[in-house]
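Descriptive analysis of the structure
So you can see what is in the structure, the chains are spelled out below.
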Amino acid sequence: MEPEEEELNQQPVVDIDIDTLDLSGSPRLAGERPDHIQILAAVQDPLPPITVHRSTMRVIDGFHRLKATRLRGEHTIAARFFDGDEAAAFVLAVKLNVAHGLPLTLSDRKRAADRIIVTHPQWSDRRVATVTGISPGTVGDLRRRMSPDIGPSGRRLGQDGRLRPVDGSVGRLQAQELLAENPGLSLRQVAHAAGISPETARDVRNRLRNGEDPLPRRRRGAADTLADRPRAAPLGLARTGGRPHGGPVLDRAALVRRLTADPALRFTDTGRNLLRLLALHTVREEEWDAIVNNVPPHCTDIVADLARQFADLWSEFAVRVRDEVPQTG
């Protein structure tokens, strides 16, 4: 739990006069939802306390609960005070409205990310993403659109509270040297010495084991367009003449069928879950194309954002499987 939330949970619940509260500054672009207010007003049990910024009396979380309370004809509402500054109050408002209640829309979350990038330029993309409920890649795109150089001295604050350089190339190369000189160093030792995260250290070590460059290929800049990119290769294959990572084209469906025949996977709950997840990605190239071509225009941002988050999860899963599962033979 973040310090702001811990501080909030320690605050006593008090009754506040509704007329003293300020409803401006909400992260919701569309404002109130009358149907949701009606539903809350009809609830017989006491509603959870709202959150109020003490110095400004602005409602941080509980806009609809306050409106419902007023609709009931009541003049006071249960609340907890938050004592941070206004920037921290906005971050808390976004975090609380992403986590529960009536969720913020994707547009709300992106707009909130824009504001947090400005008020907290030292925060990493992943930290902003955790608060706003969008992917780190989307935060990075928003940051580059606003300013390519935003952030003090090229360093940002990660979720672990440590400042790290935006360009991790130097740290990765230092990690390469450390691992070459002393392969027995732990990931945490390498990360601390090179000023990178343990996950980055893990990625460098795996790349070296596989004979790969420790520096991953940079994402293409915003100036690149779809027209610049080769379009012949199917989804899931590297753009290298149809061969993933320079190796032979593998029949993913056949590989999954082979895994399905393995008793170690078939007869365990976790194994069957893994097989189901893998089977989802065995559709043919033309099926992927059909799915892409039929995504409704109003859903493209959400679908792309989810796909990017799932890709991040699979990437982390691949690193952990290679690094943490003991090898046989």
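Please refer to the structure higher up on the page.
Residues numbered from 1 in each chain as written. Predicted model: local features only at pLDDT ≥ 70, side-chain atom pairs only at ≥ 80, totals over all residues. Heavy atoms only, no water.

Quick look at the nonpolar core
- Core analysis: the largest hydrophobic core is formed by 16 residues, its most contacted members being Val-94, Ile-116, Trp-123, Val-128, Val-131, Ile-134 and Val-139.
- If you list the elements that add at least two residues to this core, you get α4 (86–99), α5 (106–119), α6 (125–132) and α7 (136–146).
- Top element by residues in this core is α5. It accounts for five residues.
- Every residue in contact with Val-139, bar those within four places of it in the chain, is listed here: Ile-117, Asp-125, Val-128, Ala-129 and Ile-134.
- Ranked by size, the runner-up nonpolar core spans ten residues in total, among them Ile-16, Ile-50, Val-59 and Ala-79. (Core = buried A, V, L, I, M, F, W, Y, C linked by side-chain atoms within 4.5 Å. Buried < 20%, exposed > 50% of the residue type's maximum accessible area, 1.4 Å probe, protein only. Helix = DSSP H or I, 4+ residues; strand = E, 2+ residues; numbered from the N terminus. Contact = heavy atoms within 4.5 Å.)

Regarding the pairing of strand β2 (residues 50–53)
- Judged by which residues are buried, β2 turns out to be covered on both faces: Ile-50 and Val-52 on one side and Thr-51 and His-53 on the other are all buried.
- Where β2 meets strand β4 (residues 76–82), four bridges bridge the pair, whose relative direction is parallel. Across the sheet, the residue bridging to Ile-50 is Ala-79, located in β4.
- When β2 meets strand β3 (residues 58–61), the two strands line up antiparallel, connected through three bridges. Among the inter-strand pairings, His-53 is bridged to a residue of β3, identified as Arg-58. (Pairing = 2+ DSSP bridges.)

With respect to the side chain of Asn-206
- Within the fold, Asn-206 resides in helix α10 (residues 198–209).
- Residues contacting Asn-206, with those up to four places away along its chain left out, are Val-319, Arg-322 and Asp-323.

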